[in-house]
There are 2 protein chains.
Amino acid sequence: MAASSSPHRTDAVIVGAGPVGLFAVFEFGMLGMRCHVVDSLDEAGGQCAALYPEKPIYDIPGYPVIAAKDLVSRVKEQAAPFQPVYHLGRHVESLSGSSDGAWIVESDDGARIEARAVVIAAGVGAFGPNRPPIAGIADYERDPVFPDVQYAVKRRDDFRGKRVVIAGGGDSAVDWAVSLAEVAAHIFVVHRGAKFRAAPAGIAALERLAGEGKVELVIPFQLDRLDGDGRHINAVIVRDLDGNERRLAVDVLLPFFGLAQSLGPISGWGLNVDRNLIAVDPATCATNRPGIYAIGDIASYAGKLKLILSGFAEAALAAHAAYGIVFPGQALHFEYSTIKGIPTLR
Amino acid sequence: MAASSSPHRTDAVIVGAGPVGLFAVFEFGMLGMRCHVVDSLDEAGGQCAALYPEKPIYDIPGYPVIAAKDLVSRVKEQAAPFQPVYHLGRHVESLSGSSDGAWIVESDDGARIEARAVVIAAGVGAFGPNRPPIAGIADYERDPVFPDVQYAVKRRDDFRGKRVVIAGGGDSAVDWAVSLAEVAAHIFVVHRGAKFRAAPAGIAALERLAGEGKVELVIPFQLDRLDGDGRHINAVIVRDLDGNERRLAVDVLLPFFGLAQSLGPISGWGLNVDRNLIAVDPATCATNRPGIYAIGDIASYAGKLKLILSGFAEAALAAHAAYGIVFPGQALHFEYSTIKGIPTLR
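Residue numbers restart at each chain and count upward from 1, following the sequence in its written direction. Chain A is the first chain written and ligand 1 is the first ligand written, with later ones labelled in order. Under the rules for a predicted model, residues below a pLDDT of 70 receive no local features and side-chain atom pairs below 80 are neither given nor counted, while totals for whole chains, interfaces and linings still include all residues. Computation of side-chain values covers all heavy atoms of the structure but excludes hydrogens and water.

(A) Looking closely at the pairing of strand β10 (residues 117–120) of chain B. Residues and elements named next belong to chain B. With burial as the criterion, each face of β10 is covered, one bearing A117 and V119 and the other bearing V118 and I120. Paired strands, as defined in this entry, are two strands with at least two bridges between them according to DSSP. Under the DSSP-based scheme used, a helix requires at least four consecutive residues in state H or I and a strand at least two consecutive residues in state E, with every element numbered from the N terminus. Pairing geometry for strand β2 (residues 12–15) and β10, over four bridges, is parallel. What sits directly across from I14, in β10, is V119. Buried residues are those whose accessible area, probed at 1.4 Å on protein chains only, stays under 20% of the maximum for their type, while exposed residues exceed 50% and partly exposed ones sit between those limits.

Put into structure tokens, the structure is as follows:
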């Protein structure tokens, strides 16, 4: 698409379609502002949908417990009356100013979106799993149905009867080892250190399962190479520091080495950034550039808690702050939702 | 009860059992802190339960719509695993320091609660409706089943077939006139001004109903007196500025003249207070007195939005800030609820 194509025009561009970005659509909508939403993933929901859809979340107010994917779908439903336009599977690229003082955000397919407000709700940025340094590993990630190397558990039941290597020593490795032990045929946990860096309750559960023989701890070992045909693995070969090898005959490898976080092109937008976080005014979530806001895990200010709940509250702050920029000169009459209900957009 | 009776000991005293106070119990509980909760009302839920239990709320994340009373009951359920101790129907009175650096909050029944943290989540304070200045009006508020003068609609269906005077020109008057028009036999709306101070959509609905004869606007008139037997009214007599009177034969009067707000004894606790609001540090919700926090509508800081959602996020901030005061010297290991679930209290 030519860069000269006429841009989409809207009131706010939301970068990131995780729960906080989706709730920003709602909060902006409540104040009469329309939004376009850009996300690098193919579906809305951010990490909640992509990395831990079935994980229970306990600290969303009013939900004693809710699965991550259900939270996303409820918030998406809440945003729907405001008719957001989603640009999914798209990365944002450049940011530039339009002739009349609006911003133009361009995405990697050449689409341009013009808006007076830009809200960065990109979580940890465009994220991806850290790959272990094993030659050819990407080949084993490609099967569209059930790849032999995976970086997230989407449906626990897909692992029923499988022999699994889980690699890593953090919360994800520990928690999934415990969880998958209920369905998998056998689980090896490969960790190069003696100590897990995870919540004590999780470690205790893992050690109990190891004692019962339901999980086999392969410690201290590191992933060395894969034995396979370039599409399906036969075994994972691990090594300790003395060079001793073990061959673990399994069906699937789950490396949990954390997320590679990157702001990507946003780091070139002239914002005050420190270690992949964007500094904002906590009263408004405004960045150093007028009309550009950051909310959720990517926003940084004194006292910031990386809770979904905090991101939700920040979405409300950003919407109220952006109102005067989207509708210059119009006073905002503060109303409770109980009084006005859901407004209809112009 | 003698003031010298031995105090209850806990980690935090929450003043106010509205949704934000209840959620504070949850957030403190997630960090291993126990709470006592004091509220002047006889049931938990604050204004949500007492003043508008059936009103729909649209801006709670993850709930496209939820009735106020349902929100309260969900949050109360969420707090329940942490076994809060409720002191309902009690006003807080004095605040004093204990010998070992904790606070002692005393309530009007002489009970004393000792805790290192105090969280004021008192909304608009101990509140009550503004009564119109009509001699003897309180007599008509006393019927335990259906008083002829009421300041809130608890169950809309109780008004089915009734002739109603609604007095006032704000959102409550307008919204309830529109809502009760569906069930009441007749509705008069008495307002002394020509203009309503309410959301445009509500005013438009009211004027449409007036045009259809379903609501009768009595404007510009003021309440003057009641005609009745000291328990049941026969009519409400209204007057305009020229002294003209009208006699409105009705069953029930609903004056909506706002809430009388008062911090009550809290105003003597040495906190920085401005117009019934308590100034806090937005990073921690800490007041000027160490260990005392204010959250929700009663808290004031730059950019503060009076949203239930904001109060929820403030509860999380206060809990994290109070942790170091309740457990001095213990580092707080930040964890997501998805990882650790609900902790059990010691």
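(B) Examining the relation of the copies chain B and chain A more closely. By a simple turn and slide, chain B fits onto chain A: the slide is 0.1 Å along the axis, the RMSD is 0.2 Å, and the turn is 179°. Expressed as a symmetry operation, the mapping of one chain copy onto the other fits a two-fold axis. Measuring from the rotation axis to each C-alpha of chain B, the shortest distance belongs to A313(B), at 3.2 Å. We call two residues in contact whenever any of their non-hydrogen atoms come within 4.5 Å of each other. An overlap of 100% is found between the interface residues of chain B and their copies at the interface of chain A, pointing to a shared contact surface. A least-squares superposition brings the copies together, and it is based on the C-alpha atoms of residues with pLDDT no lower than 70 in both.

(C) How the structure looks around the sheet that holds strand β23 (residues 299–300) of chain B. All names here are of chain B. Spatial strand order, β20-β21-β23: three strands in an open sheet with mixed pairing. Each edge of the sheet is formed by a strand with only one pairing partner; in this case those strands are β20 (273–274) and β23. Judged from the two bridges that link them, β20 and strand β21 (residues 277–279) form a sheet pairing that is antiparallel. Of the residues in β21, the one forming a bridge with V273 is I278.

(D) How the structure looks around the nonpolar core. Judged by nonpolar contacts, the single largest core of 95 residues is most densely connected at F28(A), I295(A), F28(B), I295(B) and F312(B). With 12 residues, the single largest contributor to this core is helix α6 (residues 308–326) of chain B. Residues in contact with F312(B), not counting those within four places in the same chain, are P61(A), L309(A), P19(B), V20(B), F23(B), I60(B), L71(B) and V75(B). To define a nonpolar core, start from buried Ala, Val, Leu, Ile, Met, Phe, Trp, Tyr and Cys residues and group those joined through side-chain atoms within 4.5 Å.

(E) View of the pattern of salt bridges. By convention in these notes, a salt bridge is any Lys or Arg side-chain nitrogen within 4 Å of a carboxyl oxygen on Asp or Glu. Summed over all chains, the structure comprises 43 salt bridges over all chains. D224(A) is paired through a salt bridge with R225(A); the nearest N and O atoms lie 2.9 Å apart. When its relative accessible area of 28% is taken as the criterion, D224(A) is described as partly exposed. With relative accessibility at 37%, the residue R225(A) sits in the partly exposed group. The salt bridge involving R246(B) is made with E216(B); its shortest N-O contact spans 2.8 Å. Residue R246(B) is located in strand β17 (residues 245–249), and its partner E216(B) is located in strand β14 (residues 216–218); the two are separated by 30 residues in the primary sequence.

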